[in-house]
Amino acid sequence: RNLNSMAAAPTLKIEEHCSYLARLQNRPKDFEYWFTEHAQLSGYFWGLNCSRILQRSCLDEKMLRDSAISCFIPGEGFCGNIGHDAHITHTLSGIQLLLLVRDQEALESRAEQIVRFVLSLRRPCGGFAGDAFSEADPRFTFAAIAALSLLNRLDTLPAPSMTIAHLLSLQNPDGGFGARHGAESHAGYTWCCLAALAIVGDLQRVDCSVDSWLRERVLPAGAGVNGRPDKPADGCYGWWVCAALRIRGELQRVDCDALHLFLLTLQTEGGGFGPRVGANADIFHTHFALAALATLGHTPLQSLSPVFCLPCETLPPHLRDLEEARLASIGSDCDFDSM
């Protein structure tokens, strides 16, 4: 790889990003604070994971841990914020956050309640809903499978073959996966399905047409990465596409240099990343842009599991060696030097 051609590339503003995260935590009533009020717990996870990716202590981790615990609803799972209903997305975020702060005791004491909540969301098709009132969705199916796996309770998944068949049925002739059978392919849904199938160990049944569909999401001439054909580029798709390609062992077959440069141009002057060049920063796009850069191999960023979006070192022991072996078996990332 010739990095001399990228000598003029923007550098990663590590200190500015850390300051941006700290400002968010110190402005709890600001509109920008952790994305939106109803998704605050996921915002906490995104912020703390950013801190881990940057390998900096940017945030008050005790406050984040205590806030996550306050979002747990006894007998159910985690909600996005106090006063809201439990949801599978925020339940996964709560588990991920507690793993980041290494509070295994808090997880183990709530594990059986969480498992019952997750299993209550299974639908007859084999997929999972987000809450008691929603339909099966691959985002929620991934969150359910990931939550069970992180809790070492994947053996409680009922009729796994039905869930696997449901996920495989979401793949379209073009190679991508949609929200429902026959729905338009989307990079976010594609990553969810691939990651879920990787966890249950049935990735080999995916049609290989997904690889070319994912590669086509990386736009020519350094124009970025999109989530669907003929749609504009957006920084958050850097994660969905890079992580999916990493799971498939295909990341080195795209123009990593151009994708890397595109992501760096999304940084704002005061820290954080926006969805497009010149857009304001938000915690959602900051997290997934940094996660994408880490997946591309930007040093000194902490590398991530492309399946769980967590540093391998923070995974529970029953998954750590397995995930490190999986990464070794699918080859290296793009191995950038520090910029």
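Residues numbered from 1 in each chain as written. Predicted model: local features only at pLDDT ≥ 70, side-chain atom pairs only at ≥ 80, totals over all residues. Heavy atoms only, no water.

### Some points on the side chain of D234
Cut-off, in case you're wondering: Runs of E in the DSSP output that reach at least two residues are strands. Runs of H or I that reach at least four are helices, and both are numbered from the N terminus. Only protein chains enter the area calculation, which uses a 1.4 Å probe; residues under 20% of their type maximum are buried, those over 50% are exposed, and those in between are partly exposed. When charges are counted, Lys and Arg are positive and Asp and Glu negative, with His and the chain ends excluded. Only one rule defines a salt bridge in this text: a Lys or Arg side-chain nitrogen within 4 Å of an Asp or Glu carboxyl oxygen. Pairing of N or O atoms within 3.5 Å defines a polar contact, subject to two protein rules: one partner must be a possible hydrogen donor and the other a possible acceptor, and residues neighboring in sequence count only if both atoms are side-chain atoms. Throughout, a residue-residue contact means that at least one pair of heavy atoms, one from each residue, lies within 4.5 Å.
Its place among the elements puts D234 in the loop between α9 (209-215) and α10 (237-248). At 4.3 Å, R276 is the nearest oppositely charged side chain to D234, a buried residue that forms no salt bridge. Looking at D234, its side chain comes within polar contact range of the side chain of H285, at 3.0 Å. Residues in contact with D234, not counting those within four places in the same chain, are V225, F262, P275, R276 and H285.

### Some words on the packing of aromatic side chains
We apply this condition: Centre distance within 6.5 Å is the pairing criterion for rings of Phe, Tyr and Trp, where only the six-membered ring of Trp is used; planes under 30 degrees apart are then read as stacked, over 60 as edge-to-face, and the remainder as tilted. Here, a charge over a ring means that NZ of Lys or CZ of Arg falls within 6 Å of the ring centre while also lying within 35 degrees of the ring normal.
A complete count under the given rule lists eight aromatic pairs for this structure. Judged by centre distance (5.2 Å) and plane angle (65°), the ring pair of F72 and F78 falls under edge-to-face. Looking at F78, the relative accessible area reads 0%, which means it is buried. Members of the aromatic cluster, each reached through a chain of ring pairs, are W46, F142, W191, W239, W240, F284 and F288. Positioned above the aromatic ring of F72 is the side chain of R110, whose terminal nitrogen or guanidinium carbon lies 5.4 Å from the ring centre. Sitting over the face of the ring of W213, R217 holds its NZ or CZ atom 4.7 Å from the ring centroid.

### Points about the nonpolar core
Definition in use: Buried Ala, Val, Leu, Ile, Met, Phe, Trp, Tyr and Cys residues that are joined via side-chain atoms within 4.5 Å together make up what is termed a nonpolar core.
With 116 residues, the main nonpolar core has L97, F142, L150, W191, W239, W240 and F308 as its most contacted residues. With sequence-adjacent residues up to four places away left out, L150 is seen in contact with L92, I95, Q96, L99, F308, L310, L315, P316, H318 and L319.

### Re the layout of surface pockets
Quick note on the threshold: Each cavity reported here is a set of points on a 1 Å grid over the protein atoms alone in which a 1.4 Å probe fits but cannot get out, each pocket an open set with protein on both sides within 12 Å along at least five of seven lines, and each lining residue one with an atom within 4 Å of a point. Grid points are joined across faces, edges and corners, and a volume is the space filled by probe spheres set on the points. In this classification, the charged set is Asp, Glu, Lys and Arg, the nonpolar set is Ala, Val, Leu, Ile, Met, Phe, Trp, Tyr, Cys and Pro, and all remaining amino acids, among them Gly, are polar.
Approximately 930 Å³ is the volume found for the largest pocket. As for the largest pocket, its lining consists of 37 residues, and the residues nearest its centre are W46, T89, R139, W240 and F284. Sorting the residues of the lining of the largest pocket by element identifies α2 (40-54), α4 (88-100), α6 (138-150), α8 (187-200), α10 and α12 (283-296) as the ones contributing at least two each. The element best represented in the lining of the largest pocket is α4, accounting for five residues. Broken down by class, the residue content of the lining of the largest pocket amounts to 21 nonpolar, 13 polar and three charged.

### Points about the side chain of H186
Along the polypeptide, H186 turns up in the loop between α7 (160-168) and α8. Looking at H186, its side chain comes within polar contact range of the main-chain nitrogen of G188, at 2.9 Å. Ignoring any residue separated from it by four or fewer positions in sequence, one finds H186 in contact with F177, W213, G227, R228 and Y237.

### Quick word on the packing of α2 against α4
Put simply, the test is: Angles run from 0 to 180 degrees between N-to-C directions of axes, and those axes are lines fitted to C-alpha atoms, restricted for helices to the stretch in contact. Helix crossings are classified by the rotation of the near helix relative to the far one: an anticlockwise turn of less than a right angle makes the crossing left-handed, while a clockwise turn makes it right-handed.
Viewed as axis vectors pointing N to C, α2 and α4 meet at an angle of 35°, and their least axial separation amounts to 9 Å. Between α2 and α4 lies a crossing of left-handed hand. Contacts between α2 and α4 involve L41, S42, Y44, F45, L48, N49 and R52 from the former and T89, H90, S93, G94, Q96, L97 and L100 from the latter. Of the residues contributing to the contact of α2 with α4, the split by class is six nonpolar, seven polar and one charged.

### Comments concerning the confidence of the model for the protein
The condition that has to hold: Predictor confidence is given residue by residue as pLDDT, running from a minimum of 0 to a maximum of 100.
Looking at the protein as a whole, its pLDDT mean stands at 92, while 93% of the residues score no less than 70. Within the model, the stretch residues 1-7 combines pLDDT values under 50 with 14 contacts to residues more than four positions away or in other chains.

### Thoughts on the pattern of salt bridges
Counted under the stated rule, the structure contains 13 salt bridges. Where E15 meets R56, a salt bridge forms, and the shortest distance between an N and an O atom there is 3.0 Å. You can see E15 sitting in helix α1 (residues 14-25) and its partner R56 sitting in the loop between α2 and α3 (61-70), a full 41 residues away along the chain. Here R56 falls in the partly exposed class, since its relative accessible area comes to 32%. Between E250 and R253 there is a salt bridge, and its shortest N-O distance comes to 3.2 Å. With a relative accessible area of 11%, E250 lands in the buried category. For R253, a relative accessible area of 56% gives the class exposed. Several salt bridges converge on common partners, so that one network encompasses K62, R65, D66 and D103.

### With respect to the packing of α4 against α6
It is at 9 Å that the axes of α4 and α6 come closest, and there the two elements cross at 35°. Judged by the sense of rotation from one axis to the other, the crossing of α4 with α6 is left-handed. Across the interface between the two elements, I88, T89, L92, I95, Q96 and L99 of α4 pack against F140, F142, A143, A144, A146, A147 and L150 of α6.

### Overview of the state of the cysteines
Definition in use: Pairs of cysteine sulfur atoms within 2.5 Å are identified as disulfides in what follows.
Tallied over the full model, the rule gives one disulfide. The disulfide that involves C18 links it to C58, with 2.0 Å between the sulfurs. Looking down the S-S bond of the C18 and C58 bridge, the torsion is -120°, so its handedness is left-handed. You can see C18 sitting in helix α1 and its partner C58 sitting in the loop between α2 and α3, a full 40 residues away along the chain. Of the two residues examined, C18 and C58, each falls in the buried class. C193 provides the cysteine sulfur closest to C192, a residue in no disulfide bond, and the two sulfurs are 6.8 Å apart. The exposure class assigned to C192 is buried, which follows from its relative accessible area of 6%. Summary of cysteine pairing: C242 is not part of a disulfide, and the nearest cysteine sulfur, belonging to C256, is at 6.9 Å. Residue C242 is classed as buried on the basis of its relative accessible area, which comes to 0%.

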